[in-house]
Amino acid sequence: MMKGKFYRFHRVIKWFAIGLLAVGMFAPWGTAAIAQLPPLPTFQDITRVSNPRIRARACANLFCAPVRLDNRSILEVTSQPTISPDHPQDFDVQQRVQRIEKILMSIVAAVENPDTLGIEVGIRNDETVVYAPEQPQIQDQVIITITDFDSLHQGQSKKAIAKQWRDTIYQELYRSISERRAFQQYFWNRKLPFTLLFLGIIILSSWILWQVQKIIDRENQRIQNLSQTATDIIEADPNSDPKIIPKSRFKFGFNQIWSRLPNLSPNQKKQVIQFLRQVTQWGQIFIWLGGLAYLLYYYPATRAIGVALGGVPLSLLVYYLIVIASIKISHLSIEYSLQEWVNQSLFKYPNSQQRFLSRQITYMAALKGLASFTSYFVGILLTLNTILSSVFNIQMNEILTGVGVIGFALTYIFQSTIKDVLNGCLILWSDQYAVGDVIAVEDKSGLVEYINLYITQIRNLDGNLITIPNGSISIVENMTKNWSRVNFTIEVAYDSDIRKAMEVMKQVGEEMLQEPHWRNLILELPQVLGVDAVSHRGILVRIWITTQPVKQWEVGREFRCRVKEAFDREGIKIGIPQQTLWHQGYHHLLDQNGNHGGEFSSSVN
């Protein structure tokens, strides 16, 4: 066993050393190559994919659109809305952007040495322009004309805008030309080796995560084996304590995890392991997707593909991972915290175990639902923000501005739902009922199967599932909170010994209390309250039996059966309704001998 462990550890160390050796082999050229690397794309670069048709946006009474070079936004130009019915309103600004980008790309393609590049500000046709003067490889040409709309949008003079755009255009052109020149000059001795090294790092990282997955799978199998062993021991000896089962050494950091969370159940440990397994799987996808996106971004010719691959898809993947991680972590935290709360509460109230377990199940379902809803809501907002800003060029703050008014209307429309949520919070806070309780709401009653902040679901005796909005619950009758009671009544005949009947009932209750099964269900000695009513039906005797929650029906059925058998043995009769009939004398009611000619009475049982 130890030899196998050492062999696996040796393999990890060996491959790690090979990775370090690979890095060392390229160390002589590494610094120079890294110096040629483009900077990492900004958030704006990776979340706004180049699209020649969909990128303009409305800004006040104008339309604005970014000018891009190598898929990097360098400046923003404006134009008035297009009036022609044959074109969309942003047609003019789109045409202007395309002309500027075409000129910029022609300069990049023509100039071989960026040091010879020159960009100036001048006046052409009484307009302030940024232009490229005549120089090697290119002729004098205007790059962009600063308009009144640009000055209005920027809030600066045309001359100030021209100087600012001149510096920006020069820097971006110099950068693009330098990247293409470096690609041609250093492809074989720098670019290609760096690409291979980067691919090697991706493969090595993915392989390490794959090895971690194998370790996680082995730990999962070990916990399953321990759980099965505990089950076998408990089935063989119900009085055994599962904590005495020996535990093997946890590997590769799992012992630190379990030691910091000592009260985790086997099921919760499985959830932790499954979460770590998902993290490593999605980590591999993130490494490959992000690595390939950067490699494509590394080369100017494929930079647009790199931004497209590493922009929206990578952002959505990150959002998905954040949502899944937040749900898993919040659910585990809720389970762990509620379990700790139950354990601490049982020290103070040891006789309320069933109640706290019911509240634990109820709170767990409600809090998990709230955590999942919040995580999904935030994830949807992030996803919509990315898609709208990248594909449709709509900013989220523009939508949220109108959402405030819409939200007020929705609040009025969905006021019943809000009422359900508020009342659900009060129900949980005041512990009116929990999962497993038997309740009655108006004319509906049944066992509570599910409760969250919106609804309560109960199942009646016919097996029908009844869903009740929490907002409609004003008065609720809980028949099983903390303890329950058998309210048993029986009518004894007039000619029976009532004292003996009550003594027999008391003896039946005491006999049940002596039996192990019923002793666990009956909390107190049955109380014979005595005679509650005397009527024509008989003498009504009442007895109370306090039981565990929800056990009053089981105890009551057995008690009734035993009382009937005991009464039969002792000759005690059950009450029978009695009536007395009075008849006034009529001639047609006389018998054949004419013996009765007046009133007579008869007693009928």
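This is a predicted model, so every value here is computed, not measured.

(A) Geometry of the overall build of the protein. Secondary structure assignment for the protein yields 16 helices and 16 strands. Taking the intrachain contacts of the protein between residues at least 6 apart in sequence as the baseline, contacts between residues at least 24 apart amount to 63%. Of the accessible surface of the protein, which amounts to about 35,600 Å², a share of 59% is contributed by carbon and sulfur atoms.

(B) Quick look at the pattern of salt bridges. Considering all chains together, one arrives at 15 salt bridges under this definition. The partner of Arg 277 in a salt bridge is Asp 217, with the nearest N and O atoms 2.8 Å apart. Remark: Asp 217 occurs in helix α6 (residues 158–236) and Arg 277 occurs in helix α8 (residues 266–298); sequence separation between them is 60 residues. Note on Arg 277: relative accessible area 22%, which makes it partly exposed. Here Asp 568 and Lys 564 are joined by a salt bridge, their closest N and O atoms 2.5 Å apart.

(C) Expanded view of the pairing of strand β13 (residues 527–535). Where β13 meets strand β14 (residues 538–547), seven bridges bridge the pair, whose relative direction is antiparallel. When the bridges of β14 are listed, Val 534 appears paired with Ile 539. Where β13 hands over to β14, the hairpin turn is made up of two residues, counted between the paired strands.

(D) A look at the packing of α8 against helix α10 (residues 312–348). Across the interface, α8 lies against α10 with an axial gap of 11 Å and an inter-helix angle of 170°. Between α8 and α10, the crossing angle belongs to the class labelled roughly antiparallel. The residue inventory of the contact of α8 with α10, partitioned by class, reads 17 nonpolar, four polar and two charged.

(E) Molecular detail of the packing of α8 against helix α9 (residues 303–310). In contact at an axis separation of 6 Å, α8 and α9 are set at 155° when each is read in the N-to-C sense. Considering the angle they form, α8 stands roughly antiparallel to α9. Along this stretch, α8 crosses α9, giving a crossing that reads as left-handed. Residue-level inspection shows Leu 289, Leu 292, Ala 293, Leu 296, Tyr 297 and Tyr 298 of α8 in contact with α9, the latter providing Arg 303, Ile 305, Gly 306, Val 307, Leu 309 and Gly 310.

(F) Broad picture of the sheet that holds strand β5 (residues 127–132). If you walk across this open sheet you meet the three strands as β4-β5-β6, and the pairing is antiparallel. The outermost strands of the open sheet, each flanked by one partner alone, are β4 (120–124) and β6 (141–145). Ignoring which end each strand starts from, the neighbouring axes of this sheet average 45° apart. Note that β4 and β5 share five bridges and pair antiparallel.

(G) Structural view of the sheet that holds strand β1 (residues 57–59). Spatial ordering of the open sheet is given by β1-β2-β3, a layout of three strands whose pairing is antiparallel. Looking along the sheet, the strands with just one partner apiece sit at the ends: β1 and β3 (72–79). In this sheet, adjacent strand axes meet at a mean angle of 40° when their direction is disregarded. Pairing analysis gives three bridges linking β1 to strand β2 (residues 62–69), with the strands arranged antiparallel. Note on β2: the bridge partner recorded for Arg 57 is Cys 64. The sheet strands contacting helix α4 (residues 91–110) are β2 and β3, and the helix crosses β2 at an angle near 15°.

(H) Spatial organisation of unusual backbone geometry. The phi dihedral of Glu 442 is positive, around 55°, even though this residue is not glycine. Locating Glu 442 in the fold gives a position in the loop between β7 (438–441) and β8 (444–451). In this structure Glu 442 comes out as exposed when scored by relative accessible area, which is 67%. Positive phi is not limited to glycine here, since Asn 482 has a value of about 70°.

(I) View of the state of the cysteines. Counting across every chain of the model gives one disulfide. Shown here is the disulfide that connects Cys 59 with Cys 64, its sulfur atoms set 1.8 Å apart. Here Cys 59 and Cys 64 share a disulfide; its torsion about the S-S bond, 85°, makes the bridge right-handed. Given a relative accessible area of 9%, Cys 59 falls into the buried group.

(J) Spotlight on the side chain of Asn 470. Overall, Asn 470 belongs to the buried group, its relative accessible area being 0%. A distance of 2.7 Å separates a polar atom in the side chain of Asn 470 from a polar atom in the side chain of Thr 456. Look past the residues within four positions of Asn 470 in its chain and what remains in contact with it is Asp 420, Asn 423, Gly 424, Ile 427, Tyr 433, Asn 452, Leu 453, Tyr 454, Ile 455 and Thr 456.

(K) View of the packing of aromatic side chains. Here the structure, examined in full by the defined rule, presents six aromatic pairs. A centroid spacing of 5.6 Å and a plane angle of 40° characterise the contact between Phe 198 and Tyr 294, whose relative ring orientation is tilted. Taken together, the residues span a long stretch of sequence, with Phe 198 in helix α6 and Tyr 294 in helix α8 at a distance of 96 residues. What makes Tyr 294 buried here is its relative accessible area of 13%. Positioned over the ring face of Trp 210 is Lys 214, at 4.7 Å from the centre of the ring. Cation over ring: Arg 485 sits above Trp 544, and NZ or CZ is 3.8 Å from the ring centre.

Conventions used here
The written sequence of each chain sets the order in which its residues are numbered from 1. Only residues with pLDDT of at least 70 get local features here, since the model is predicted, and only at 80 or more are side-chain atom pairs given and counted; chain-wide, interface and lining totals rely on the full set of residues. To get the side-chain values, take all heavy atoms of the structure and skip hydrogens and water. Secondary structure counts use DSSP, requiring at least four H or I residues in a row for a helix and at least two E residues in a row for a strand, with both numbered from the N terminus. A contact between two residues is defined here by any heavy atoms of the two lying within 4.5 Å. Per-residue and other accessible areas follow the Shrake-Rupley method at a 1.4 Å probe size, with only the shown protein chains counted as cover for residues. Whenever Lys or Arg places a side-chain nitrogen within 4 Å of a carboxyl oxygen from Asp or Glu, that contact is recorded as a salt bridge. Categorising residues by exposure relies on relative accessible area from a 1.4 Å probe, with only protein chains included: less than 20% of the type maximum marks a residue as buried, more than 50% marks it as exposed, and the intermediate range marks it as partly exposed. We call two strands paired when DSSP finds no fewer than two bridges between them. Every axis corresponds to a line fitted to the C-alpha atoms, with the helix fit spanning only the stretch in contact, and the corresponding angles, defined between N-to-C directions, vary from 0 to 180 degrees. Oblique is the label for any angle not covered by the other classes, which are roughly parallel (under 35 degrees), roughly antiparallel (over 145) and roughly perpendicular (65 to 115). Ten residues, namely Ala, Val, Leu, Ile, Met, Phe, Trp, Tyr, Cys and Pro, are considered nonpolar, four, namely Asp, Glu, Lys and Arg, are considered charged, and the remaining ones, Gly among them, are considered polar. By definition, any crossing whose near helix is turned counterclockwise from its far helix by less than a right angle is left-handed, and any crossing with a clockwise turn is right-handed. Throughout, a disulfide means two cysteine sulfur atoms within 2.5 Å of one another. Distance and chemistry together define a polar contact, namely a pair of N or O atoms within 3.5 Å, with one atom able to donate a hydrogen and the other to accept it when in protein, and with adjacent residues in sequence counting only for side-chain atoms on both sides. Any two of the Phe, Tyr and Trp rings considered here, Trp counted by its six-membered ring, make a pair once their centres fall within 6.5 Å; the pair's planes then place it as stacked at under 30 degrees, edge-to-face at over 60, or tilted in between. Lysine NZ or arginine CZ positioned within 6 Å of the ring centre and within 35 degrees of the ring normal marks a charge as sitting over the ring.

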